[in-house]
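Geometric and topological summary
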Amino acid sequence: MLNTILQLAISGAALGFVYALVGIEYSLIWNATGLLNFSHDKIITLGAYIVAGIFFTRMGLPVPVSFVLSVIVMVVVGVLMAMIILNPLRKMTTIFTIMGTILFGRIIYEVIRLVYGSRPFTISGLMSGTFHIGSLAVAKTNVYMIVIAGVVVAALQIFMQTTKTGKAMRCVSQNKKASELMGINVKQNICITAAISSVICLIIGFMVIPLYNVTLTMASMIGLKGFAAGVVGGFGYLPGCIVGGIVVGLIESASVLVIPSVYKDAVAFLVLIVFLLIKPSGIMGKKA
């Protein structure tokens, strides 16, 4: 029983870090533009297809070269999203911005379908196997997910706190008008933010390939649960997204002890509803 609880805790923490990354990239766009990007799940799917479909399986390039090329492609996607959707629409009525991001996601979906087809595939041997600690067997996928997500979160925090660009992003998130008056190029800053968000989507897509394979709908539930994690932790506050993601992941994983696993996907949304009713600002959020 103890081994089962430990395994559930590790798998819950791994998924929680994934949800935390999704919540973070939601928050990055929200802080930079005041918009909710409803194409995140499609960008995650695109990242998975790019890293798995082109560079790893078809071109046969070394892993470091493949990943660098994948990052470059996703940076271009993020900048295009900022130039076509986020910058032109951020001062318009909310319905236009919502429809813009949804349509952008739909375009990405159709491009993926036309280029790769609708048949799922995977990368054989990616993060497969188990670690054995005494009688406890831990899937390598979960360990790698925790490590990769932890590195990404730490790198993002260092970037935001110590670099000039990161500080400018924090200024823009607090007051765009004052940032412009202080000489910060807000449009350029939004492009950088969207590029970083797209790279995070690439990393998320890569991490979940062993769990879901590469399919057109692989990130639909991840995107929704990541949004829920962001709200639970404190939407717009990056450390809050991390806490919210881990909380949602652990509760979801532990739920299989008391309810059938077929209902597990509903747990994150039940937690979201509870927080919206009791503490809508989230665990670490504050009232505006």
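Figured I'd write up the structure that's included with this text. (Residues numbered from 1 in each chain as written. Predicted model: local features only at pLDDT ≥ 70, side-chain atom pairs only at ≥ 80, totals over all residues. Heavy atoms only, no water.)

This part covers the overall build of the chain. When you go through the chain residue by residue, the secondary structure sums to 11 helices and two strands. Reading the chain from its N terminus to its C terminus gives the helix and strand order α-α-α-α-β-β-α-α-α-α-α-α-α. For the chain, the C-alpha radius of gyration of 19 Å lies close to 19 Å, the compact-globule estimate for 288 residues. Its C-alpha atoms give the chain principal-axis dimensions of roughly 60 × 50 × 35 Å. The proportion of buried residues among the 288 residues of the chain is 47%. Nonlocal contacts in the chain, meaning residues at least 24 apart in sequence, comprise 73% of its contacts between residues at least 6 apart. Total accessible area computed for the chain in this model is approximately 13900 Å², and 70% of it derives from carbon and sulfur atoms. The chain carries 19 positive and 6 negative side-chain charges, and their two centres are separated by 8 Å. (Helix = DSSP H or I, 4+ residues; strand = E, 2+ residues; numbered from the N terminus. Rg over C-alpha atoms; globule rule 2.2 N^0.38 Å. Buried < 20%, exposed > 50% of the residue type's maximum accessible area, 1.4 Å probe, protein only. Contact = heavy atoms within 4.5 Å. Areas by Shrake-Rupley, 256 points an atom, 1.4 Å probe, with all protein chains shown as cover. Lys, Arg positive; Asp, Glu negative; His and termini not counted. Charge placed at Lys NZ, Arg CZ, Asp CG, Glu CD.)

Our focus in this paragraph is the packing of helix α9 (residues 220–233) against helix α10 (residues 238–254). It is the contact of α9 with α10, at a shortest axis distance of 7 Å, that shows an interaxial angle of 120 degrees. Every pair of crossing elements has a handedness; the one defined by α9 and α10 is right-handed. Contact residues: α9 offers Lys-225, Ala-229, Gly-230, Val-232 and Gly-233, while α10 offers Gly-240, Cys-241, Gly-244, Gly-245, Val-248 and Glu-252. Of the residues contributing to the contact of α9 with α10, the split by class is four nonpolar, five polar and two charged. (Axes fitted to C-alpha atoms, helices over the stretch in contact; angles between N-to-C directions. Left-handed = near helix turned anticlockwise from the far one by under 90°. Nonpolar A, V, L, I, M, F, W, Y, C, P; charged D, E, K, R; others polar.)

A few words now on the packing of helix α6 (residues 164–174) against helix α8 (residues 186–212). Where α6 meets α8, the closest approach of the two axes is 10 Å, and the angle between their N-to-C directions is 110 degrees. The pairing of α6 with α8 is recorded here as roughly perpendicular in orientation. Contacts between α6 and α8 pair Thr-165, Ala-168, Met-169 and Val-172 from the former with Val-186, Asn-189, Ile-192, Thr-193 and Ile-196 from the latter. Of the residues belonging to the contact of α6 with α8, the class tally is six nonpolar, three polar and no charged. (Parallel < 35°, antiparallel > 145°, perpendicular 65-115°, else oblique.)

The grouping of Val-65, Val-68, Leu-69, Ile-72, Val-76, Leu-80, Met-83 and Ile-84 at the surface amounts to a nonpolar patch, some 690 Å² of accessible area in total. Summarising the element assignment, Ile-72 is placed in helix α3 (residues 63–89). (Patch = residues over 30% accessible without salt bridge, like charges linked within 9 Å, V, L, I, M, F, W, Y side chains within 5 Å. Salt bridge = Lys/Arg side-chain N within 4 Å of Asp/Glu carboxyl O.)

One recurring pattern in soluble globular proteins: nonpolar side chains tend to sit buried together. Core analysis: the biggest nonpolar cluster contains 74 residues, and Leu-21, Ile-24 and Leu-86 have the highest contact counts within it. Of the residues forming this core, the biggest block, 15 residues, is contributed by α8. Leaving out residues up to four positions away in the same chain, Ile-24 has contacts with Val-153, Leu-156, Ile-200, Leu-238, Cys-241 and Ile-242. (Core = buried A, V, L, I, M, F, W, Y, C linked by side-chain atoms within 4.5 Å.)

Moving on: helix α11 (residues 267–278). End to end, α11 covers 16 Å across 12 residues, agreeing with the expected 16 Å (1.5 Å per residue, within 8%). Each element contacted by the buried residues of α11 is listed here: α9 and α10. (Expected span 1.5 Å × (residues − 1).)

Position of Ser-27 among the secondary structure elements: in helix α1 (residues 2–33). Here Gly-236 takes part through its backbone nitrogen, which lies 3.2 Å from a polar atom of the side chain of Ser-27. (Polar contact = N/O pair within 3.5 Å; in protein donor to acceptor, adjacent residues only side chain to side chain.)

It is worth spelling out the pairing of strand β2 (residues 136–139) at this point. Across the two faces of β2 the burial differs, with Leu-136 and Val-138 buried and Ala-137 and Ala-139 not buried at all. The pairing of strand β1 (residues 130–133) with β2 spans four bridges and is classified as antiparallel. Counted as the bridge partner of Ile-133 is Leu-136 from β2. Hairpin connection from β1 to β2: two residues lie between these consecutive antiparallel strands, with Gly-134 at a positive phi of about 65 degrees. (Pairing = 2+ DSSP bridges.)

So, about the side chain of Asp-41. Take Asp-41: it is sitting in helix α2 (residues 40–56). Overall, Asp-41 belongs to the buried group, its relative accessible area being 13%. Look past the residues within four positions of Asp-41 in its chain and what remains in contact with it is Ala-219, Ser-220 and Gly-223.

Counted at 1.5 Å a residue, the expected span for α3 with its 27 residues is 39 Å, and the 37 Å between its end C-alpha atoms agrees. Residue Ala-82 marks the point of greatest curvature in α3, where the axis turns by about 40 degrees. For α3, every residue scored as buried is listed here: Ser-66, Ser-70, Met-74, Val-77, Gly-78, Met-81, Ala-82, Ile-85, Leu-86, Asn-87 and Leu-89. (Bend = angle between axes of the 7 residues up to and from the residue.)

Tallying each qualifying case throughout the model produces zero disulfides. The closest cysteine sulfur to the non-disulfide-bonded Cys-191 is located on Cys-201, 16 Å from its own sulfur. Cys-241 carries a free sulfur, and the closest cysteine sulfur to it, the one in Cys-201, is 13 Å from it. Judged by its relative accessible area of 0%, Cys-241 falls in the buried class. (Disulfide = S-S within 2.5 Å.)

Honestly, that's just the spatial picture; any functional story needs more than this.
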